[in-house]
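Fold and geometry: a report
Okay, here's what each chain looks like letter by letter:
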2 protein chains.
Amino acid sequence: MILDCAIIGGGPAGLTAGLYASRGGLQNVTMFEKGMPGGQITQSSEIENYPGFFDHTKSGMDFMDTWQKQCFHFGMKHQMEEVTSVYKVGDNFQIALAGKEPVEAKTVIVCTGSTPKRAGFKGEDEFFGKGVSTCATCDGFFYKNREVVVLGGGDTALEEAFYLSNICSKVYIVHRKDTFRAAPSTVERVQKKDNIEIITNAVINEVVGDNMGVNGVYLGINDGSTRKLDLTGLFVFVGHNVNNMVLKSNNGEFICDVNENGQVIANLRMHTSLEGLFVAGDIRIDAPKQVVCAAGDGAVSALEVISYLQERS
Amino acid sequence: MILDCAIIGGGPAGLTAGLYASRGGLQNVTMFEKGMPGGQITQSSEIENYPGFFDHTKSGMDFMDTWQKQCFHFGMKHQMEEVTSVYKVGDNFQIALAGKEPVEAKTVIVCTGSTPKRAGFKGEDEFFGKGVSTCATCDGFFYKNREVVVLGGGDTALEEAFYLSNICSKVYIVHRKDTFRAAPSTVERVQKKDNIEIITNAVINEVVGDNMGVNGVYLGINDGSTRKLDLTGLFVFVGHNVNNMVLKSNNGEFICDVNENGQVIANLRMHTSLEGLFVAGDIRIDAPKQVVCAAGDGAVSALEVISYLQERS
């Protein structure tokens, strides 16, 4: 059997693509996701910026549970397999699976997202989603009029610190060097902001807390001294890994155009440079890394798959 | 007072822009919407394709009610005024209001959407949302394995008819001429499809039904005869009006680039050709006209407004 559409990845983008593709009348739509569907958001204890969903008693896990059921209701199938690569043979695609025969599909939507890098300090994993965050847009508001610390020295770190400084009472920026990789104008803007304090030549040694979440962050300074910040929010911005490995062919080249950061180049209709291959969510250029945006992408990509298949028929 | 951001239009795009702008720390965010916020979706009796929202007991009105409360919770203000035009003076914008002093804003997000044209037959308004629809993606699935009729002869009408033919048992296309404006390849594809019947030289005289919704459609044929279709779903695709009037200046030109259909040209970050002016939702090019996509646009546009203001500061 040849699939009408193979969806790689089961976060908000992939699930929404599946919902729209199957509800739109495609007969054979399979989402490949080796883990439980839902994506990064399942690690959140609370969501308040997904439009129309405003229930402080529900976690990210509860939220994605309804979402999944909705997708499966319309006929999308989930195959719990790891996709190792995607390549085009003639008009169709081969989806290579770890330790299994490949699957053939007429179209592919890649929704494998990106993964925030961890910094590696003690307590980081333990308190992730309980005070340690990698998304200012998502979690900044939970620290309104409170103090937070940002780890990182790149453009994203400094821009996010500035964003947080408009919400939080004070933002500490901890950076291991005394110079910044970020653009000079961004550095200057951050330096001028009254409620931002920059702590250079410093690392985070440990984050501590209790069952209410984080309550302190221990810094190690290059001169050998230490410092403790008594606060409940820590934002880690040390980069993202774009999960584009399935698009890399054996010769090391990508099967579609990507930018210098490995993000897939797409237009407003989620077309890539390769016919029949679409993307949605955090894997693409300019992705705002928000659930509602990934979901919007998923819907568009599926509608475009349907038109593409209509034209091919 | 100068607003940080003026949002024009209160549908899903405008409301989400307001949510993200105010939750993102902007102090003065006002949404201008002369009617009740919520947009077209409030006319739907049931929604099943907004990801994460899967409750058949709730109407479009119920859905948008929670959504609005969420936006207002974070500080967005609603001004119940009609915006007549938006124009740039220096670095800022003037928002002209009907019968009131204009308001000044540093940035503007235009989310005025588009409005499906009505065909004008008897019963069309009465049964709108109760069997009469203007969106196949939204409502097609409600007619799975049932018969529907499509009114129109353009590209959209024929493409949507094809889309419906993969879900419904049969699709009638009613078109007032015997030639089609749609692309020849599209016409040919539709003609070849087994479960599509094309009725040319015909109009819809009346749609009838009861409190369960539509149950019949009366056609008038050019030769003077009539025909009744016993079915419960009617899709009207006779064009859209893009609500771009606020962007037209006194000399008749638009303040930003628009395409030949009057849709605003935007990139993936919802920037228009005019600095400080952003769009979101159905007013832009390539808009899929889905709630989740409009909401995604709204989020992106607000995040871009925040970065733009950061850079300006």
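About the thresholds
Residues numbered from 1 in each chain as written. Chains lettered and ligands numbered in written order. Predicted model: local features only at pLDDT ≥ 70, side-chain atom pairs only at ≥ 80, totals over all residues. Heavy atoms only, no water. 1 Å grid on protein atoms, 1.4 Å probe; cavity = no way out; pocket = protein on both sides within 12 Å on 5 of 7 lines; lining within 4 Å. Points joined across faces, edges and corners; volume = space filled by probe spheres on them. Helix = DSSP H or I, 4+ residues; strand = E, 2+ residues; numbered from the N terminus. Pairing = 2+ DSSP bridges. Least-squares fit on C-alpha atoms with pLDDT ≥ 70 in both. Contact = heavy atoms within 4.5 Å. Axes fitted to C-alpha atoms, helices over the stretch in contact; angles between N-to-C directions. Parallel < 35°, antiparallel > 145°, perpendicular 65-115°, else oblique. Left-handed = near helix turned anticlockwise from the far one by under 90°. pLDDT = per-residue confidence, 0-100. Nonpolar A, V, L, I, M, F, W, Y, C, P; charged D, E, K, R; others polar. Disulfide = S-S within 2.5 Å. Buried < 20%, exposed > 50% of the residue type's maximum accessible area, 1.4 Å probe, protein only. Buried area = accessible area lost by both parts, 1.4 Å probe. Salt bridge = Lys/Arg side-chain N within 4 Å of Asp/Glu carboxyl O. Polar contact = N/O pair within 3.5 Å; in protein donor to acceptor, adjacent residues only side chain to side chain. Phe/Tyr/Trp six-rings, centres within 6.5 Å; stacked < 30°, edge-to-face > 60°. Core = buried A, V, L, I, M, F, W, Y, C linked by side-chain atoms within 4.5 Å.

1. Quick notes on empty space enclosed by the protein
- Applying the stated criterion across every chain yields a total of two cavities of 30 Å³ or more.
- Reported here for the largest cavity is a volume of approximately 150 Å³.
- Forming the walls of the largest cavity are 14 residues, and the residues nearest its centre are Arg284(A), Asp297(A), Met270(B), Arg284(B) and Asp297(B).
- Secondary structure elements with two or more residues in the lining of the largest cavity: α6 (291-312) of chain A together with α6 (291-312) of chain B.
- Computed from the structure, the second largest cavity encloses a volume of approximately 40 Å³.
- Every residue lining the second largest cavity is listed: Asn49(A), Thr137(A), Tyr163(A), Leu19(B), Tyr20(B), Arg23(B) and Gly24(B).
- Per-element tally for the lining of the second largest cavity: the top contributor is helix α1 (residues 12-23) of chain B, with three residues.

2. Focus: the sheet that holds strand β8 (residues 132-133) of chain B
All names here are of chain B.
- The strand order across the open sheet formed by five strands is β8-β15-β9-β10-β11, and the pairing between neighbours is parallel. In this open sheet, the two strands that pair with only one neighbour each are β8 and β11 (196-199).
- Here four bridges tie strand β10 (residues 170-174) to β11, and the two strands are oriented parallel to one another. Across the sheet, residue Val174 finds its bridge partner in β11, namely Ile199.

3. Section: the relation of the copies chain A and chain B
- The two copies are related by a screw motion: chain A maps onto chain B through a turn of 180° and a shift of 0.0 Å along the axis, at an RMSD of 0.0 Å. Such a turn and shift between the copies fits a two-fold axis.
- Looking at the interface residues of chain A, 100% of them are also at the interface in chain B, so both copies use one shared face.

4. Re the packing of α1(B) against helix α2 (residues 60-73) of chain B
Residue and element names in this part refer to chain B.
- α2 packs onto α1 with a crossing angle of 30° between their chain directions and a minimal axis gap of 9 Å. In terms of their interaxial angle, α1 and α2 are classed as roughly parallel. For α1 against α2, the interelement crossing comes out left-handed. Residue-level contacts link Pro12, Leu15, Thr16, Leu19 and Ser22 of α1 to Met64, Trp67, Gln68, Gln70 and Cys71 of α2.

5. So, the confidence of the model for chain A
- Averaged over every residue, the pLDDT of chain A is 95; the share at 70 or more is 100%.
- Both scores are given for the predicted complex: the pTM is 0.94, the ipTM 0.93.

6. Let's talk about the packing of helix α4 (residues 155-165) of chain A against α6(B)
- One way to put it is that α4(A) packs onto α6(B) with a least axis distance of 11 Å and a crossing angle of 95°. What the angle tells us is that α4(A) and α6(B) run roughly perpendicular. Within the contact between the two elements, α4(A) uses Glu159(A), Phe162(A) and Tyr163(A) and α6(B) uses Leu303(B), Ile306(B) and Gln310(B).
- Residue composition of the contact of α4(A) with α6(B), grouped by class: four nonpolar, one polar and one charged.

7. Some words on the state of the cysteines
Residues and elements named next belong to chain A.
- All chains considered together, the criterion is met by two disulfides over all chains.
- The disulfide that involves Cys135 links it to Cys138, with 2.1 Å between the sulfurs. Judged by the sign of its S-S torsion, about 70°, the bond between Cys135 and Cys138 is right-handed.
- Given a relative accessible area of 16%, Cys135 falls into the buried group.
- For Cys138, a relative accessible area of 21% puts it in the partly exposed group.
- Between Cys168, a free cysteine, and Cys135, which holds the nearest cysteine sulfur, the sulfur-to-sulfur gap is 13 Å.
- Owing to a relative accessible area of 4%, Cys168 belongs among the buried residues under this scheme.

8. Looking at the interface of chain A and chain B
- Counting from both sides, the interface comprises 50 residues of chain A and, opposite them, 50 residues of chain B.
- The junction of chain A with chain B conceals about 4,400 Å² of combined surface from both sides, 62% of it contributed by carbon and sulfur atoms.
- Per-residue buried area on chain A facing chain B is highest for Arg23(A), Leu268(A) and Gln310(A); these three make up 19% of the total on that side.
- Inspection of the region where chain A meets chain B yields two salt bridges.
- Measuring nitrogen to oxygen at the nearest pair gives 2.9 Å for the salt bridge that ties Glu48(B) to Arg23(A).
- Where chain A touches chain B, the interface holds 22 residue pairs in polar contact (both at pLDDT 80 or more).
- Broken down by secondary-structure element, the contributors of at least two residues to the side of chain A that touches chain B are α1 (12-23), α2 (60-73), α3 (136-139), α4 and α6 of chain A.
- When residues in the side of chain A that touches chain B are grouped by element, the largest group, ten residues, is from α6(A).
- Class assignment of the residues belonging to the side of chain A that touches chain B gives a composition of 26 nonpolar, 16 polar and eight charged.

9. What about the packing of aromatic side chains?
Residue and element names in this part refer to chain A.
- For the structure on display, the rule yields 19 aromatic pairs over all chains.
- With a centroid separation of 5.4 Å and an interplanar angle of 45°, the aromatic rings of Tyr50 and Trp67 are classed as tilted. One end of the pair, Tyr50, is in the loop between β2 (29-32) and α2; the other, Trp67, is in helix α2, and 17 residues separate them in sequence. Trp67 shares its class with Tyr50; the two are buried.
- For the pair Phe278 and Tyr308, a centre-to-centre distance of 6.1 Å together with 70° between the ring planes defines the contact as edge-to-face.

10. Some thoughts on the environment of Tyr143(B)
Residue and element names in this part refer to chain B.
- Mapped onto the fold, Tyr143 is located in the loop between α3 (136-139) and β9 (147-151).
- Residue Tyr143 is classed as buried on the basis of its relative accessible area of 10%.
- Here the alpha-carbon distance between Tyr143 and Thr226, two residues 83 residues apart in the chain, equals 25 Å.
- Beyond its immediate sequence surroundings of up to four residues, Tyr143 is in contact with Gly131, Val148, Ile167, Cys168, Thr232, Gly233 and Phe235.

11. Some remarks on the nonpolar core
- Core analysis: the biggest nonpolar cluster contains 126 residues, and Tyr50(A) and Tyr50(B) have the highest contact counts within it.
- Sequence-distant contacts of Tyr50(B), that is, excluding residues within four places in its chain, are made with Tyr50(A), Pro51(A), Gln70(A), Val292(A), Phe63(B), Trp67(B), Val291(B), Val292(B) and Ala295(B).
- The next biggest cluster of nonpolar side chains, apart from the first, holds 24 residues, and it includes Ile8(A), Val242(A), Leu247(A) and Leu277(A).

12. Some thoughts on the side chain of Thr272(B)
Residues and elements named next belong to chain B.
- By the secondary structure assignment, Thr272 is in the loop between β16 (240-242) and β17 (277-279).
- Reaching out from Thr272, the side chain makes a polar contact with the backbone nitrogen of Leu274 at a distance of 3.1 Å.
- One polar contact links the side chain of Thr272 to the main-chain carbonyl oxygen of Leu277, over a distance of 2.8 Å.
- The residues touching Thr272, leaving out its near neighbours within four places in the chain, are Cys256, Val264, Ile265, Leu277, Phe278 and Val279.

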